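# Structural overview for review
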Amino acid sequence: MKLESFLNATDRLAALVPELLRLLGYREKLPTGWSALLERAGALRRQGGRLALVATLYGPTGAGKSTLFRNLTGIEVPAGDEIRPLSRGCAMAVPDQWDQADGEPALRAVLPGFDLRPLDRPERLRQEDGQGLVWYRSAERLGGESRSQAKADTPGLFLVDVPDFNSLEIANHERAERVLRRAEVVVFVVTGDSYADQKVVEELARCCQVAARLVILITKVASPEKAQLKWADLLNDKLTRTDLPWRAKFQGKREDGRTLEAFLRECPVHAWPFSAHPTLEDLRPVTAGAPTLASLLLGLDAEKVAAEGLLQAGASSAEWVGQLAGRADAARGERQRWRASLDDDLARAGLAVAGHEFPIGRTLEVLMEEARAGQNQVFRWITYPFSRISAWMQGGFQMVTEAIRSAIRKPTPGGELVRLEDAERKSLKRVAEELVDKWRDRWPAWVGSLDSGQCRKACDTLGAIALASPQTNWEEALRLSARDWVEKHPTWAHTLPVVLDLTTVGGLGLFVLDISTTGGLLGSHVVLGSLGAGGLMAGGAGLAAMLARMADNMHFKSVLEDADRAWREQRGREIAEHLRQHLLPGILGDKLKDADRLTSFPVEEMRRLAGELTRKPTHD
């Protein structure tokens, strides 16, 4: 695939992955391959087509990295038998044409994000400075070979000496690792005494995982033959024993399908026998006829090695991104189930509030409107004989009138006539507190504990926010039921407006019966709707009971039940949405947004982009 497409996929993942890590609460150390991909892709993106390779001398303390760096570049750096650590900063040798007054922007493109400073004195390397500090100086020759004698397509090669990865100073580990992530080429420098140390072998496995090219240099041995024996011991004994901890590490795969062990077996090995005054003439390849270390480094094919470095880091990252996607799927399912449980709780809460109020005012208004609309001309102009009305109705007018008027003036428990807003404000406060108590006992661990002060504030804020007026959709079901009643009971349809006119119920609009309950709202039978308005009223007192008896005698009980059902379904949804918008955010804050974001996160896009990272990029 084209390099630009590869870099575009990396750029997109670089935006998605950190967000997903935050949403998942990821606390693990980021894989070296992923960090290497970002470092290398960032460098290529900024180099603007001018290829440059980074090689690092990487190894444990006392292996001779700084001595090798001094011999290869001629740059004086602290080296030899001195108190450790010899240096805290990284020293970098750059081609002469890059070390110009106006060349710093180009240098920064090679190592984006690093703090680059000219190395004027070797003592600078001992300074305690930031993690990304790199001191640089030009080196026209590398190992006695002129850089200008290299092939025309050879890139600018930047050689970096990093602090020891096993130093007691943690900051040194971080500096060494950061350069390792950027470097396409790694020269792993290790002494003949420490080649099989566990920390050394574990770091060697990491180098095999991220390096495009890896060169092994065994120092402080008696002869190249001794180095060869030690290396064979590592490959043929230490790495093949199943009882040793690093066996599994070297069975991991590189982008080409080779295991890390197979890759390591093919890496060139050099030996640097012990000497009081080591020189490059003593540094020899273990394999006869192989080029010198300097020739090997200067002869690298820029495009090929850069592509290999990207592909190796990309393939390693693709596997990790795939694992992240799997974790996201699992977490998304968990969030969705949690959100569904919250929605169920809110739906029950909405039904609880709506179910403890009956919209008597608007229900009776609709009944009157439909009753009047259904009266024929005879009933409009001729007074219907009251003698035809039952004795109960004739004697009940006054009783009903007084009961409703009394309920308005002096409400009693079991059937208070109140304004909808007042009834709902009171119920919302109760149900919000019950929801918080319920959630506190079963809050998922990834959300964390609920802050009591924040919960109180959320409940108080909810009480100060007015609920929107009900939509009129529920009235459609009420009107259909009322018309059916008018058609089946024309006599009572003519009588009802007379009764309601006498009681001054007309014009009450959204006055409701506030049906009292004991215990919690969420635990009451109203949530289940098992009794309906008729049953509730029959079990109530005052106006509720009076209205129930009136509905029984005039045969419009089913109208009230239909109104109650439609009201609860619609108003319950509206109240649940009100709680969803104004209670949940106050309690959860950004965690609610994060849960919703995770459920809609583009996981499949991440998988597709990860697949792009397994295709070799080309500069064509």
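## Let's talk about the pairing of strand β14 (residues 511–514)
- Because side chains alternate across β14, one face comprises the buried residues Phe511 and Leu513, and the other comprises Val512 and Asp514, equally buried.
- Direction of pairing for strand β12 (residues 357–358) relative to β14: antiparallel, over a ladder of 2 bridges. Counterpart to Glu357 in the pairing with β14 is Asp514.

## Some points on the packing of aromatic side chains
- A complete count under the given rule lists 10 aromatic pairs for this structure.
- Aromatic pair Tyr58 and Phe165: ring centres 5.2 Å apart, planes at 35 degrees, arrangement tilted. One end of the pair, Tyr58, is in strand β1 (residues 52–58); the other, Phe165, is in the loop between β7 (156–161) and α5 (170–182), and 107 residues separate them in sequence. Neither residue differs from the other here; Tyr58 and Phe165 are each classed as buried.

## A short note on the packing of helix α1 (residues 3–24) against helix α10 (residues 302–355)
- The geometry of α1 relative to α10 is characterised by a closest axis approach of 11 Å and an angle of 35 degrees between their N-to-C directions. The element α1 and its partner α10 pack so that their crossing is left-handed. Note on element contacts: α10 touches α1 through Leu310, Leu311, Gly314, Trp320, Val321, Leu324, Arg327, Ala328, Ala331 and Arg335, opposite Leu3, Phe6, Leu7, Leu13, Val17, Leu20, Leu21, Leu23 and Leu24.
- Looking at side-chain class alone, the contact of α1 with α10 contains 16 nonpolar, 1 polar and 2 charged residues.

## Some words on unusual backbone geometry
- Non-glycine residue Lys220 carries a positive phi angle of around 55 degrees.
- Within the secondary structure, Lys220 sits in the loop between β9 (213–219) and α7 (224–238).
- What makes Lys220 partly exposed here is its relative accessible area of 42%.
- For His555, which is not glycine, the phi dihedral falls at a positive 65 degrees.

## Considerations on the sheet that holds strand β2 (residues 90–94)
- Spatially, 9 strands are ordered β3-β4-β2-β7-β1-β8-β9-β10-β11 in an open sheet, and the strand pairing comes out mixed. Single-partner strands in this sheet number two, and they are β3 (115–118) and β11 (284–285).
- Pairing of β9 with strand β10 (residues 269–272) involves 4 bridges; the strand directions are parallel. Each bridged residue has a counterpart across the sheet, and for Thr219 the counterpart in β10 is Trp272.

## Things to note about the layout of surface pockets
- One number sums up the size of the largest pocket: a volume of about 560 Å³.
- Going through the elements one at a time, α6 (198–210) and α10 are the ones with two or more residues in the lining of the largest pocket.
- Residues belonging to the lining of the largest pocket are distributed by class as follows: 6 nonpolar, 6 polar and 10 charged.

## Quick notes on the nonpolar core
- Ranked by internal contacts, the top residues of the largest apolar core, which has 124 residues, are Met92, Phe188, Leu214, Ile216, Phe250 and Leu264.
- No other element matches the 12 residues that α10 contributes to this core.
- Phe188 has contacts with Tyr58, Phe165, Val200, Glu203, Leu204, Cys207, Leu214, Val215, Ile216 and Leu217, leaving out every residue within four places of it along the chain.
- Counting 63 residues, the second largest nonpolar core, distinct from the first, contains Cys455, Ala458, Leu513 and Leu592.

## Thoughts on helix α14 (residues 420–441)
- Its 22 residues place the ends of α14 32 Å apart at the C-alpha level, agreeing with the 32 Å of an ideal helix rising 1.5 Å per residue.
- Among all positions of α14, only Leu420, Ala423, Glu424, Ser427, Leu428, Val431, Ala432, Leu435, Val436 and Trp439 are buried.

## Focus on empty space enclosed by the protein
- A complete count under the given rule lists 1 cavity of 30 Å³ or more for this structure.
- Taken as a whole, the largest cavity holds about 30 Å³ of empty space.
- Elements with a minimum of two residues in the lining of the largest cavity: β8 (185–191), α6 and α7.
- Taken together, the residues of the lining of the largest cavity break down into 8 nonpolar, no polar and no charged.

## Overview of the pattern of salt bridges
- Within the structure shown, the criterion is met by 49 salt bridges.
- Notably, a salt bridge pairs Arg12 with Glu605, separated by 2.9 Å at the nearest N-O pair. Of this pair, Arg12 sits in helix α1 while Glu605 sits in helix α23 (residues 603–612), and the two are 593 residues apart along the sequence.
- A relative accessible area of 23% places Glu605 in the partly exposed class.
- Put simply, Glu19 and Arg597 hold a salt bridge, and the shortest N to O gap is 2.7 Å. Placement of the pair is Glu19 in helix α1 and Arg597 in helix α22 (residues 590–599), with a sequence separation of 578 residues.

## Digging into the packing of α14 against helix α15 (residues 452–464)
- Where α14 contacts α15, the two axes come as close as 9 Å, and the packing angle between them is 155 degrees. Put simply, α14 runs roughly antiparallel to α15. Seen along the crossing, α14 lies across α15 with a hand that is right-handed. Counted together, Arg425, Leu428, Ala432, Glu433, Val436 and Arg440 of α14 and Ser452, Cys455, Cys459, Leu462, Gly463 and Ala464 of α15 form the full contact between these two elements.
- Along the lines of polarity and charge, the residues of the contact of α14 with α15 split into 7 nonpolar, 2 polar and 3 charged.

## Considerations on the side chain of Arg362
- With respect to the helices, strands and loops of the structure, Arg362 is situated in helix α11 (residues 360–374).
- With a relative accessible area of 16%, Arg362 lands in the buried category.
- A distance of 3.4 Å separates the side chain of Arg362 from the side chain of Glu369, its partner in a polar contact.
- Apart from the residues within four sequence positions on either side, Arg362 is in contact with Glu369, Trp474, Glu475, Leu478, Arg479, Gly509 and Leu510.

So, how was this worked out
Residues numbered from 1 in each chain as written. Predicted model: local features only at pLDDT ≥ 70, side-chain atom pairs only at ≥ 80, totals over all residues. Heavy atoms only, no water. Buried < 20%, exposed > 50% of the residue type's maximum accessible area, 1.4 Å probe, protein only. Helix = DSSP H or I, 4+ residues; strand = E, 2+ residues; numbered from the N terminus. Pairing = 2+ DSSP bridges. Phe/Tyr/Trp six-rings, centres within 6.5 Å; stacked < 30°, edge-to-face > 60°. Axes fitted to C-alpha atoms, helices over the stretch in contact; angles between N-to-C directions. Left-handed = near helix turned anticlockwise from the far one by under 90°. Contact = heavy atoms within 4.5 Å. Nonpolar A, V, L, I, M, F, W, Y, C, P; charged D, E, K, R; others polar. 1 Å grid on protein atoms, 1.4 Å probe; cavity = no way out; pocket = protein on both sides within 12 Å on 5 of 7 lines; lining within 4 Å. Points joined across faces, edges and corners; volume = space filled by probe spheres on them. Core = buried A, V, L, I, M, F, W, Y, C linked by side-chain atoms within 4.5 Å. Expected span 1.5 Å × (residues − 1). Salt bridge = Lys/Arg side-chain N within 4 Å of Asp/Glu carboxyl O. Parallel < 35°, antiparallel > 145°, perpendicular 65-115°, else oblique. Polar contact = N/O pair within 3.5 Å; in protein donor to acceptor, adjacent residues only side chain to side chain.

Keep in mind that these numbers describe shape and distance, not what the molecule does.
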